[in-house]
Amino acid sequence: MSDRITSWHASPSKPNFTPPPGAVDAHCHVFGPMDPFGFSPKAKYLPADAGPDMLFALRDHLGFSRNVIVQASCHGTDNAATLDAIAKSNGKARGVAVVDPDIDQAGLAALHEGGMRGIRFNFLKRLVDNAPKDKFLEVSQRLPEGWHVVIYFEADILAEMRPFIAAIPVPVVIDHMGRPDVTQGPDGPDMKAFRSLLESRPDIYFKPTCPDRLDAIKVGGGGDPWDAFATAVAPLVADYPDRCIWGTDWPHPNMDDEIPDDGHIVDMIPRIAPTQELQRKLLIDNPMRLYWPEEL
Ligand code: 0GY
């Protein structure tokens, strides 16, 4: 693999929106540092180091209180870098692991002890070589108490994902709403299909996140300030206020052009969740229920 990619903004602006005290950035990652946390031999991208110090500095700069760190595909099923970041957070971070589905119960218990509260199943072919649904279902039946499953897929496979999602025995969180085409608008086919998935069971959460990916110029969107994203997503948050959690997606894996300004990403929050009540649910109540339920 060639050069290491720097996928994040060097000096993100201070957002105009001030997150409420206790707000959780519930979708972010760490990359390494590569020494000592090397990347997976199967990684599809090789990022520059973006370790916990950088993540926590960004958290403070943007006005957040906590992080949920999602194990990124470049680290494969070795969760050491994510666990290290959680350990360094003084209790202000928890995580979502990616595991070999053959992991034993002691391995799962150790991840729980290290602050993990869920596992992620990634179905993006550009990120992972295979996604064995039967094995994913088996491991999802023996997760530690209180865990959930995070699923990342794109809108074109939503229909084929439905029986799999229906069979998962714990709550489900869908990354980036299953990547709908937001330029279709709030009533377009992708959003309609996603709403129908949400209607299929009451414990599916979603992340109304990643305007920079879903409303990018290179996919036919308008780019920052991501108006199509705001138009398509605000009604979804309004209709499912108890089922959404939000995150920056820093350090924006794989973004090699149109790198977003994280201050602008935060300024999307009042555009998709315009009231203080919606903001509290999106940024505090819903993520706390999934990641720090003992503090409620
Ligand atoms: C995201 C999105 C992406 C990457 C990963 O684990 C990952 O590498 O999640 C992506 O490339 O779309 O949410 O981080």
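Parameters at a glance
Residues numbered from 1 in each chain as written. Predicted model: local features only at pLDDT ≥ 70, side-chain atom pairs only at ≥ 80, totals over all residues. Heavy atoms only, no water. Phe/Tyr/Trp six-rings, centres within 6.5 Å; stacked < 30°, edge-to-face > 60°. Helix = DSSP H or I, 4+ residues; strand = E, 2+ residues; numbered from the N terminus. Buried < 20%, exposed > 50% of the residue type's maximum accessible area, 1.4 Å probe, protein only. Near = heavy atom within 4 Å. Polar contact = N/O pair within 3.5 Å; in protein donor to acceptor, adjacent residues only side chain to side chain. Areas by Shrake-Rupley, 256 points an atom, 1.4 Å probe, with all protein chains shown as cover. Nonpolar A, V, L, I, M, F, W, Y, C, P; charged D, E, K, R; others polar. Pairing = 2+ DSSP bridges. Axes fitted to C-alpha atoms, helices over the stretch in contact; angles between N-to-C directions.

### So, the packing of aromatic side chains
Move 1: The full count for this structure, using the stated rule, is eight aromatic pairs.
Move 2: For the pair phenylalanine 31 and tyrosine 45, a centre-to-centre distance of 6.0 Å together with 65 degrees between the ring planes defines the contact as edge-to-face. Of this pair, phenylalanine 31 sits in the loop between strand S1 (24-28) and helix H1 (52-62) while tyrosine 45 sits in the loop between S1 and H1; the two residues are 14 residues apart in sequence, bridging distant segments of the chain. Side by side, phenylalanine 31 and tyrosine 45 carry an identical accessibility label, which is buried.
Move 3: Aromatic side chains phenylalanine 64 and tryptophan 246 sit 5.7 Å apart centroid to centroid with 5 degrees between the ring planes, which places their arrangement in the stacked category. One end of the pair, phenylalanine 64, is in the loop between H1 and strand S2 (66-70); the other, tryptophan 246, is in the loop between helix H8 (227-239) and helix H9 (262-266), and 182 residues separate them in sequence.

### What about the site of the ligand?
Move 1: Residues in close proximity to the ligand total 15 residues, the closest being His29, Tyr45, Ser73, Tyr152 and His176.
Move 2: In the environment of the ligand, an oxygen atom lies 2.8 Å from a nitrogen or oxygen atom belonging to the side chain of arginine 126.
Move 3: At 2.6 Å, a side-chain N or O of tyrosine 152 approaches an oxygen atom of the ligand.
Move 4: The fraction of the free accessible surface of the ligand (350 Å²) that becomes covered by protein chains is 100%.
Move 5: Partitioning the shell around the ligand into residue classes produces five nonpolar, five polar and five charged.

### Details of the sheet that holds strand S4 (residues 116-122)
Move 1: The parallel open sheet is built from seven strands, whose spatial order is S1-S2-S3-S4-S5-S6-S7. Each edge of the sheet is formed by a strand with only one pairing partner; in this case those strands are S1 and strand S7 (204-206). Shown here is a sheet whose adjacent strand axes are inclined to one another by a mean of 25 degrees, direction ignored.
Move 2: Where strand S5 (residues 148-152) and strand S6 (residues 172-174) come together, three bridges link them in parallel fashion. Residue pairing for S6: valine 149 is matched across the bridge by valine 172.

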